[in-house]
Amino acid sequence: MNNARVYNFAAGPSVLPLSVLEQAGAEITNYRGSGMSVMEMSHRSKVFMEIFQETQDKLRRLMNIPQNYRILFLQTGASGQFSAIPLNLIGATGKADYAVTGNFSNLACQEAAKYGKISLACDTGDRNHCYIPRQEALKLDPEASYFYYCANNTIYGTEWDYIPETGDVPLVCDMSSDILSMPVDVSRFGLIYAGAQKNMAPAGLTVVIIRDGLAGHELPFTPLMMNYQTMIDKDSMYNTPPCWCIYMLGLTLDWVAENGGPEGMERLKWQRANLLYEVLDSSRLFTCHADKGSRSGMNVTFRTGDEALDAKFVKEATEAGFVNLKGHRKTGGMRASIYNAMPVEGVEKLCEFILEFDKNH
Ligand SMILES: *Cc1c(COP(=O)(O)O)cnc(C)c1O
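The following refers to the structure shown. (Residues numbered from 1 in each chain as written. Predicted model: local features only at pLDDT ≥ 70, side-chain atom pairs only at ≥ 80, totals over all residues. Heavy atoms only, no water.)

1. Some remarks on the nonpolar core
Here comes step 1: Among the nonpolar cores identified, the biggest contains 57 residues, and Phe 48, Tyr 149, Met 200 and Val 207 are the most heavily contacted of them.
Here comes step 2: The leading source of residues in this core is helix H6 (residues 243-258), at 10 residues.
Here comes step 3: Setting aside residues no more than four positions away along its own chain, Phe 48 makes contact with Val 38, Met 41, Ser 42, His 43, Met 237, Pro 241, Cys 243 and Ile 246.
Here comes step 4: Within the second largest apolar cluster, 30 residues are counted, among which are Phe 9, Phe 313, Cys 351 and Phe 353. (Core = buried A, V, L, I, M, F, W, Y, C linked by side-chain atoms within 4.5 Å. Buried < 20%, exposed > 50% of the residue type's maximum accessible area, 1.4 Å probe, protein only. Helix = DSSP H or I, 4+ residues; strand = E, 2+ residues; numbered from the N terminus. Contact = heavy atoms within 4.5 Å.)

Below, the structure written as structure tokens:
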């Protein structure tokens with residue numbers, strides 16, 4: 001590892017594989033003999049169209065996305081989808097089910113309420129979102145246009161360990177912070193989306209994977225740029241797509257493939273997360289925010305119970321080269337985001353640091 005680099009536990013934008021950054025660096029002024037940077041290319045040029053198509057193909061292969069799904073490369077962040085999803089999908093019956101298990105599903109739910117009748121399938125706010133409800137606890141409306149949930153709750157550090165069963169109601173899932181961290185049966189979903197800046201690429205790109213037949217029923221006032229059917233018809237190129245981010249996604253997908261694909265990512269994910277959870281569970285000082293059985297493999301939230309001590313931990317960790325460990329203000333304490341690109345070694349060293357801190361306090 002480049003010794004000037006730190007172990008970056010940021011929740012997003014977050015660590016990217018070093019080899020991806022190095023390749024991007026090597027190609028930054030002259031992409032493979034084109035004489036220019038990817039940042040300088042026309043999005044309609046042959047060379048960029050190839051990058052675009054290859055990146056789509058790689059994602060389809062890696063995630064095993066069936067042929068009856070479109071892959072869209074969009075902008076306006078994951079949050080843009082909080083609006084786009086109801087605008088495009090709620091018209092079917094005027095109703096939708098939302099599982100609120102954290103900050104982002106709550107925001108999505110509030111946004112959707114502008115456009116239709118929303119039912120809460122669950123709300124884990126009763127215990128500050130420290131758990132994921134079991135299937136039996138979900139309140140389902142068979143007439144919902146879709147069922148919405150967030151697979152991994154980035155702020156609270158919980159992650160669904162199952163795909164909800166919703167019968168004929170299409171499943172819509174925000175996978176921003178755990179996409180490509182495990183194999184996923186895409187055919188179970190109507191729509192999957194993810195902001196790129198957690199596990200895939202720099203900020204500025206949102207990937208949407210949508211089953212054929214769902215788009216095209218948008219509410220009449222849907223903004224042009226949020227209309228899935230327009231973006232499907234124009235292959236995400238109604239306007240200039242986020243070209244650089246798409247290129248970076250392509251490099252990251254190569255890296256994922258070289259490291260065992262989603263299966264390999266899943267092994268590494270739990271290798272990293274279990275190291276941390278074991279150390280935290282065995283310590284006298286630290287407690288985890290999330291219940292056992294609901295814990296995230298991507299964002300590990302923990303605290304000492306003493307704010308001053310938490311601050312001391314974050315400060316000393318930063319000095320030791322473990323940065324961005326301060327928890328979100330909604331949970332307090334600490335959060336270690338350990339996405340795909342975090343080396344296991346980074347977590348091993350953080351564990352040593354935690355053990356030492358525990359011993360000294
Ligand atoms: C970060 C995050 C978002 C918001 O992403 P933006 O691209 O900043 O809008 C939404 N959902 C989840 C699960 C996230 O982790």
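Past the structure itself, the notes keep going.
2. Section: the packing of aromatic side chains
Here comes step 1: Per the stated rule, a full pass over the model turns up 20 aromatic pairs.
Here comes step 2: With a centroid separation of 4.6 Å and an interplanar angle of 20 degrees, the aromatic rings of Tyr 98 and Tyr 148 are classed as stacked. In this pair, Tyr 98 sits in strand S3 (residues 95-100) while Tyr 148 sits in strand S5 (residues 147-150), placing the two residues 50 residues apart along the sequence. The same class applies to Tyr 98 as to Tyr 148, namely buried.
Here comes step 3: With 5.2 Å between their ring centres and 45 degrees between their planes, Trp 244 and Tyr 247 make a pair best called tilted. Highlighted residues: Trp 244 and Tyr 247, both in helix H6, separated by 3 residues, approximately one helical turn. (Phe/Tyr/Trp six-rings, centres within 6.5 Å; stacked < 30°, edge-to-face > 60°.)

3. Observations regarding the site of the ligand
Here comes step 1: Close to the ligand lie 13 residues, the nearest being Ala 78, Ser 79, Thr 154, Asp 174 and Lys 198.
Here comes step 2: Ser 79 places a polar side-chain atom, nitrogen or oxygen, 2.6 Å from an oxygen atom of the ligand.
Here comes step 3: At 2.5 Å, a side-chain N or O of Thr 154 approaches an oxygen atom of the ligand.
Here comes step 4: Burial of the ligand by the protein chains amounts to 85% of its free accessible area of 390 Å².
Here comes step 5: Looking at the shell around the ligand element by element, the count peaks at 4 residues for helix H3 (residues 77-89).
Here comes step 6: Taken together, the residues that form the shell around the ligand break down as 4 nonpolar, 7 polar and 2 charged. (Near = heavy atom within 4 Å. Polar contact = N/O pair within 3.5 Å; in protein donor to acceptor, adjacent residues only side chain to side chain. Areas by Shrake-Rupley, 256 points an atom, 1.4 Å probe, with all protein chains shown as cover. Nonpolar A, V, L, I, M, F, W, Y, C, P; charged D, E, K, R; others polar.)

4. Some words on the side chain of Ser 236
Here comes step 1: Relative to the assigned elements, Ser 236 resides in the loop between helix H5 (228-233) and H6.
Here comes step 2: Each residue touching Ser 236, except ones within four places of it in the same chain, is listed here: Phe 52, Ile 71, Leu 72, Phe 73, Leu 74, Met 231 and Pro 241.

5. Section: the sheet that holds strand S14 (residues 334-337)
Here comes step 1: Pairing within the open sheet is antiparallel, and its 3 strands lie in the order S11-S12-S14. Only two strands of the sheet have a single partner each, and these edge strands are strand S11 (287-288) and S14. (Pairing = 2+ DSSP bridges.)

6. Some remarks on a nonpolar patch on the surface
Here comes step 1: Taken together, the side chains of Leu 224, Met 225 and Tyr 238 define a hydrophobic patch exposed on the protein surface, amounting to about 280 Å² of accessible area.
Here comes step 2: By the element assignment, Tyr 238 lies in the loop between H5 and H6. (Patch = residues over 30% accessible without salt bridge, like charges linked within 9 Å, V, L, I, M, F, W, Y side chains within 5 Å. Salt bridge = Lys/Arg side-chain N within 4 Å of Asp/Glu carboxyl O.)

7. Looking at the pairing of strand S8 (residues 171-174)
Here comes step 1: Every second residue of S8 is oriented toward a common face, with Leu 171 and Cys 173 on one face and Val 172 and Asp 174 on the other, all of them buried.
Here comes step 2: Note: S8 against strand S9 (residues 191-195), 3 bridges, orientation parallel. Looking at the pairing, Asp 174 lines up with Tyr 193 of S9.

8. Observations concerning the layout of surface pockets
Here comes step 1: Estimates place the volume of the largest pocket at around 250 Å³.
Here comes step 2: As for the largest pocket, its lining consists of 20 residues, of which Glu 159, Trp 160, Asp 161, Tyr 162 and Met 182 are closest to the centre.
Here comes step 3: The element that contributes the greatest number of residues to the lining of the largest pocket is helix H7 (residues 261-282), accounting for 3 residues.
Here comes step 4: Across the lining of the largest pocket, the residue classes tally to 11 nonpolar, 2 polar and 7 charged.
Here comes step 5: Counted as a void, the second largest pocket has a volume near 220 Å³.
Here comes step 6: In terms of lining residues, the second largest pocket is bounded by 16 residues, among which Leu 18, Trp 255, Ala 341, Met 342 and Pro 343 are the most central.
Here comes step 7: Taken together, the elements giving at least two residues each to the lining of the second largest pocket come down to H7 and helix H9 (344-360).
Here comes step 8: Looking at the lining of the second largest pocket, its residues break down into 11 nonpolar, 2 polar and 3 charged. (1 Å grid on protein atoms, 1.4 Å probe; cavity = no way out; pocket = protein on both sides within 12 Å on 5 of 7 lines; lining within 4 Å. Points joined across faces, edges and corners; volume = space filled by probe spheres on them.)

9. Notes on empty space enclosed by the protein
Here comes step 1: Summed over the entire model, instances satisfying the criterion amount to 1 cavity of 30 Å³ or more.
Here comes step 2: Considered as a void within the structure, the largest cavity measures approximately 40 Å³ in volume.
Here comes step 3: Around the largest cavity sit Val 15, Leu 16, Pro 17, Lys 198, Asn 199, Met 200, Thr 252, Trp 255, Tyr 339, Asn 340 and Ala 341, which together line it.
Here comes step 4: Partitioned by chemical class, the residues of the lining of the largest cavity number 7 nonpolar, 3 polar and 1 charged.

10. Side note on the sheet that holds S8
Here comes step 1: Spatially, the 7 strands line up as an open sheet ordered S2-S10-S9-S8-S5-S3-S4, and their pairing is mixed. Two strands close off the open sheet at either side, each with one partner strand: strand S2 (69-74) and strand S4 (117-123). If you compare each strand with its neighbour and ignore which way they point, the axes differ by 15 degrees on average.
Here comes step 2: Bridge count for S9 against strand S10 (residues 206-211) is 5 bridges, and the pairing is antiparallel. Looking at S10, one finds that Tyr 193 is bridged to Val 208. (Axes fitted to C-alpha atoms, helices over the stretch in contact; angles between N-to-C directions.)

11. Side note on the packing of helix H1 (residues 18-26) against H6
Here comes step 1: One way to put it is that H1 packs onto H6 with a least axis distance of 9 Å and a crossing angle of 135 degrees. Judged by the inter-axis angle, H1 sits oblique to H6. Along this stretch, H1 crosses H6, giving a crossing that reads as right-handed. Judged by residue contacts, Ser 19, Val 20, Leu 21, Gln 23 and Ala 24 of H1 engage Trp 244, Tyr 247, Met 248, Leu 251, Thr 252 and Trp 255 from H6.
Here comes step 2: Here the residues of the contact of H1 with H6 sort into 8 nonpolar, 3 polar and no charged. (Parallel < 35°, antiparallel > 145°, perpendicular 65-115°, else oblique. Left-handed = near helix turned anticlockwise from the far one by under 90°.)

Read these as spatial facts, not as claims about activity.
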